[in-house]
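Descriptive analysis of the structure
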Amino acid sequence: MEYVDRKKRGLTIQVYYREIFRGVWITTKHFFRNLWKWLTFRKGGVVILYPEETRPDMSPNNRGRHVLVQRSNGQPRCVACKMCATICPALCITIEAEESEDPNIQRRPRVFEIDVSHCIFCGFCVEACPVDAIRMLPQTNELVGYNRFRMIYDKEKLLTWHPTVSDDVVYGYNPKA
Amino acid sequence: MEANFLGINVVKFWTYFILAGGIFAFMFLMGAVMSWSERKQSAVLQDRIGANRASIPLPFGKKLAMWGFINNLADAIKCLIKEDFKPGVYDKLMYNLAIFFAFVPAVLAVAVVPFAGVLKPAEFFNVSYLKWIPYLPEYFAKNLPNFSFRLQVADLNVGLLFIFAVGGVSVFGAILAGWSSNNKFSMMGALRSASQMISYEVSMGLSLVGIIFIFQTVNIWDLVQAQSELAWGWLPKWGIFVQPLAFFIFLAAAVAENKRVPFDLPEAESEIISGYFTEYSAFKMLLFMFAEFIEIVFVAIMIATFFFGGYTVPYLLADGFYFPGGSYVHLSHATVVILQVLSFQVKVFFFAWFLQQMRWSLPRFRYDQLMQLGWRILLPLAIVNLIITIIIVALGGL
């Protein structure tokens, strides 16, 4: 009984040469197209030279680095309700509350730390926040540190963490261009 | 011509000294270029950027990266200062000798390959655009007016056999390296490469026998000269035109001899540990890699010489172009020689490029497929090709 219907391979396929030249032809097309781009001072690859270039085509919905939203006096909008810390599945948010000087506001965070090396960027904290105090920017680059303690971002850093985007705009790779 | 020292003709000595040095330098330079293009060409054909980070700092914040050339330099320095790790128990003599067996044959076998036609120095330097060279034009015109030599290090009558004899030695490199490192994986890698190289040497040799029959010579100089002749007054008698099937057999067998993709089972860099040179580290490993790159160049040289007319340019004879229509363009001796050298280089570059292109395009054969291709397809094809060639030659064709 025959279960596998293998096609009989003819001589042209067994000698491999036709397939080999087909494959080499495809790579050769790529080679010369990219080489021509290099020779005309364009970038011939689809990759991004990371430290010099960053992606401008990051989705606006991308969940990247956290920022704390400020009030007009520079204080965080956070009321230290700890809803984000409670919902956080990675347990990376540490909040300590204190009494606010402003009589209209009851509490404010004395400590607000996010350990971004533990963070899984699920965005639950942003959804849980009742006062829209924590947001996530699309950018994720420069989320690095030489040791794990530098990856713990405190209130100061989260408040003053303005994203910078490289001026060299890199367009997405279009192979037909 | 009379200058003699200890019975050695001084001019001849220096001529061949420079020739041999030139060929040597060419092979090593091409080896370096190959190890660069292995990285960069693969990057370009895979839509990547490739090596470009290693650089030499220059003033004004500039960096000299040279499109990844500096990476090779960094590699060489890295391999020189790394620990040369050796196995605990090993055959020291064979372990060290194996590198040379892998390295020397490719460089040695190029000695019999001509890379341009006859050079007459007196006439060569007598061209308007070479008059600026100090001393040499007057020297050759005055002292050696009739001196001429072939741009070929050794004009052996058995050149083709020499190439095969010397090329066959490179199997020992693999076997000795695998056996002497006292490692089971190396040993198996050595066995794989030995059986592969010996299998494919058969069809490689047989594919060239047809060429020997047609041109009636094994002298490579005569072989190249014969290929410069024209068939039917317009087609150069290149090996590819008189022996098209043999070219494809030779190409496959030569790549297999070279242990490159798609026949790189002996090494299989990342999948099986490096094969026969597993136990080599630092600069010795680098030498094995470099030997492989030089062998690519050597395969390219062989293809160019046997199948693409070596240094000859179509319709170019010693004093100019003789086109089939009857038109004639006169060229000076220097121009002809330079054209021939360039033609050889272009052919070698093209085939080296092509072999790299194959290496980055194709998947690897399974070992049984490899052996089937060698023994059951290429070898019978080579024999059939040989029989047809013999019949045609016997009937007086070509």
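Attention here is on the structure that accompanies the text. (Residues numbered from 1 in each chain as written. Chains lettered and ligands numbered in written order. Predicted model: local features only at pLDDT ≥ 70, side-chain atom pairs only at ≥ 80, totals over all residues. Heavy atoms only, no water.)

**Details of the overall build of chain B**
When helices and strands are tallied, chain B shows 13 helices and 11 strands. In terms of overall dimensions, chain B is globule-like: its C-alpha atoms have a radius of gyration of 23 Å, near the 21 Å expected for 398 residues. When the backbone C-alpha atoms are referred to their principal axes, chain B occupies close to 65 × 65 × 50 Å. For chain B, with 398 residues in total, the buried portion stands at 52%. Of the roughly 18600 Å² of accessible surface on chain B, 71% is carried by carbon and sulfur atoms. Charge centroids of chain B, computed over 26 positive and 23 negative side chains, lie 6 Å from each other. (Helix = DSSP H or I, 4+ residues; strand = E, 2+ residues; numbered from the N terminus. Rg over C-alpha atoms; globule rule 2.2 N^0.38 Å. Buried < 20%, exposed > 50% of the residue type's maximum accessible area, 1.4 Å probe, protein only. Areas by Shrake-Rupley, 256 points an atom, 1.4 Å probe, with all protein chains shown as cover. Lys, Arg positive; Asp, Glu negative; His and termini not counted. Charge placed at Lys NZ, Arg CZ, Asp CG, Glu CD.)

**Let's talk about helix α2 (residues 17-39) of chain A**
Each full turn of the α-helix corresponds to 3.6 residues, which orients residues three or four apart in the same direction. Given a rise of 1.5 Å per residue, 23 residues ought to cover 33 Å, and the 31 Å separating the end C-alpha atoms of α2(A) matches this to within 8%. Of all the positions in α2(A), only A:Tyr17, A:Ile20, A:Val24, A:Thr27, A:Thr28, A:Phe31, A:Asn34 and A:Lys37 are classed as buried. Check the buried side of α2(A) and you find it contacts α1 (11-14) of chain A together with α1 (10-45), α10 (244-257) and α12 (333-361) of chain B. Downstream of α2(A) by a residue or two, A:Phe41 has a phi angle that is positive, lying close to 60°. (Expected span 1.5 Å × (residues − 1). Contact = heavy atoms within 4.5 Å.)

**Things to note about the packing of helix α11 (residues 282-307) of chain B against α12(B)**
Residue and element names in this part refer to chain B. Where α11 contacts α12, the two axes come as close as 8 Å, and the packing angle between them is 125°. Overall, the two elements α11 and α12 adopt an arrangement that is oblique. Handedness of the α11/α12 crossing: right-handed. Residue-level inspection shows Ile 296, Val 297, Val 299, Ala 300, Ile 301, Ile 303, Ala 304 and Thr 305 of α11 in contact with α12, the latter providing Phe 344, Lys 347, Val 348, Phe 351, Ala 352 and Leu 355. (Axes fitted to C-alpha atoms, helices over the stretch in contact; angles between N-to-C directions. Parallel < 35°, antiparallel > 145°, perpendicular 65-115°, else oblique. Left-handed = near helix turned anticlockwise from the far one by under 90°.)

**Description of the pattern of salt bridges**
Residue and element names in this part refer to chain B. Evaluation of the coordinates by the stated rule reveals 16 salt bridges over all chains. A salt bridge links Asp 155 to Arg 150; its shortest N-O distance comes to 2.5 Å. According to the relative accessible area criterion, Arg 150 is partly exposed, its value standing at 31%. Within the structure, one salt-bridge network assembled from shared partners comprises Glu 38, Arg 260, Glu 292 and Arg 359. (Salt bridge = Lys/Arg side-chain N within 4 Å of Asp/Glu carboxyl O.)

**Remarks on the packing of aromatic side chains**
According to the stated counting rule, one finds 41 aromatic pairs over all chains in the structure shown. For the pair B:Trp36 and B:Phe69, a centre-to-centre distance of 4.5 Å together with 10° between the ring planes defines the contact as stacked. Of this pair, B:Trp36 sits in helix α1 while B:Phe69 sits in helix α2 (residues 69-81), placing them 33 residues apart in sequence. Classification of B:Trp36 as partly exposed rests on a relative accessible area of 21%. Ring centres of B:Trp238 and B:Phe308 lie 6.0 Å apart, and the angle between their planes is 65°; this geometry places the pair in the edge-to-face category. Remark: B:Phe308 occurs in the loop between α11 and β9 (316-317) and B:Trp238 occurs in the loop between β8 (235-236) and α9 (239-242); sequence separation between them is 70 residues. Residue classification places B:Phe308 among the buried positions, given a relative accessible area of 16%. Over the ring of A:Trp38 we find B:Lys40, and its NZ or CZ is 6.0 Å from the ring centre. The positively charged end of B:Arg359 is found above the aromatic ring belonging to B:Trp360, 4.1 Å away from the centroid. (Phe/Tyr/Trp six-rings, centres within 6.5 Å; stacked < 30°, edge-to-face > 60°. Lys NZ or Arg CZ within 6 Å of the ring centre and 35° of its normal.)

**A short note on the sheet that holds β9(B)**
All names here are of chain B. The antiparallel open sheet is built from three strands, whose spatial order is β9-β10-β11. On the outer flanks of this sheet lie β9 and β11 (328-330), each paired with one strand and no other. Inspection of the sheet shows β9 paired to strand β10 (residues 320-322) by two bridges, in the antiparallel sense. The partner of Leu 316 across the bridge, within β10, is Phe 321. (Pairing = 2+ DSSP bridges.)

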